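# Architecture and fold: a report
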Amino acid sequence: MTPSIRIEPQGAHEYVVRLQDGELVCVSWFHLTPDVLVELHVDEEAEGLCVRRTAEFLLRHQDVANFPDIVELEDVIATYDDFTEFLSAQPHP
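Residues numbered from 1 in each chain as written. Predicted model: local features only at pLDDT ≥ 70, side-chain atom pairs only at ≥ 80, totals over all residues. Heavy atoms only, no water.

### A few points about the pairing of strand S1 (residues 4-11)
Two faces make up the sheet, and in a regular strand the side chains alternate between them. Two strands pair when backbone bridges link them, and S1 and strand S2 (residues 14-21) are joined in this way by 7 bridges, in the antiparallel orientation. By the bridge assignment for S2, Glu-8 is matched with Val-16. Here S1 folds back onto S2, and the loop between the two strands holds 2 residues, one of which, Ala-12, carries a positive phi near 50 degrees. (Pairing = 2+ DSSP bridges. Helix = DSSP H or I, 4+ residues; strand = E, 2+ residues; numbered from the N terminus.)

Here it is, written out as structure tokens:
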């Protein structure tokens, strides 16, 4: 079963992401900076999609039980060489 992802904007480029896999629920804060948004070519309207795609990407590498409490996009970029390619391959609204 694929985990469900629920995203709640918190303002100022911050999002709470709730991941649920069966009865297991994980809450993670996503922090985006203006600099990383420019680097990824993500405009303000597409921030939520960027957060969703980042969560989907990370779920390919770890399960809900091991999902980080805080996700900084700079760290994802630095850790995974294929992240920017994965994100840029996705259609933007």
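The discussion continues.
### Considering the sheet that holds S2
With mixed pairing, 4 strands are arranged side by side in an open sheet as S1-S2-S3-S4. Each edge of the open sheet carries a strand with a single partner, namely S1 and strand S4 (70-72). When strand polarity is set aside, the average angle formed by the axes of neighbouring strands in this sheet is 25 degrees. Helix H2 (residues 47-59) contacts S1, S2, strand S3 (24-31) and S4 of the sheet and is inclined by roughly 140 degrees relative to S1. (Axes fitted to C-alpha atoms, helices over the stretch in contact; angles between N-to-C directions. Contact = heavy atoms within 4.5 Å.)

### Let's talk about the nonpolar core
For soluble globular proteins, the rule of thumb is that nonpolar side chains tend to be buried together. Counting 27 residues, the largest nonpolar core has Phe-30, Leu-32, Leu-40, Phe-67 and Phe-83 as its most contacted members. Of all the secondary structure elements, the ones that give two or more residues to this core are S2, S3, helix H1 (34-40), H2, helix H3 (73-79) and helix H4 (83-88). Considering each element in turn, this core owes the most residues, 5 residues, to H2. With residues near it in sequence (within four places) discarded, Phe-83 still touches Leu-40, Thr-54, Phe-57, Val-76 and Ile-77. (Core = buried A, V, L, I, M, F, W, Y, C linked by side-chain atoms within 4.5 Å. Buried < 20%, exposed > 50% of the residue type's maximum accessible area, 1.4 Å probe, protein only.)

### So, the environment of Ile-77
In this fold, Ile-77 is placed in helix H3. For the pair formed by Ile-77 and Leu-40, sequence separation is 37 residues and the distance between their alpha carbons is 9.6 Å. In this structure Ile-77 touches Val-36, Glu-39, Leu-40, Phe-83 and Thr-84, once residues within four positions along its chain are discounted.

### Focus: H2
Taking 1.5 Å of rise per residue, 13 residues should cover 18 Å, and H2 covers 18 Å from first to last C-alpha, within 8% of that figure. Turning to H2, its buried residues are Glu-47, Cys-50, Val-51, Arg-53, Thr-54, Ala-55, Phe-57 and Leu-58. (Expected span 1.5 Å × (residues − 1).)

### Let's talk about the packing of aromatic side chains
Across all of its chains, the model carries 4 aromatic pairs by this definition. With a centroid separation of 6.4 Å and 25 degrees between ring planes, the pair formed by Phe-30 and Phe-67 is classed as stacked. You can see Phe-30 sitting in strand S3 and its partner Phe-67 sitting in the loop between H2 and S4, a full 37 residues away along the chain. For Phe-30, a relative accessible area of 0% translates into the label buried. (Phe/Tyr/Trp six-rings, centres within 6.5 Å; stacked < 30°, edge-to-face > 60°.)

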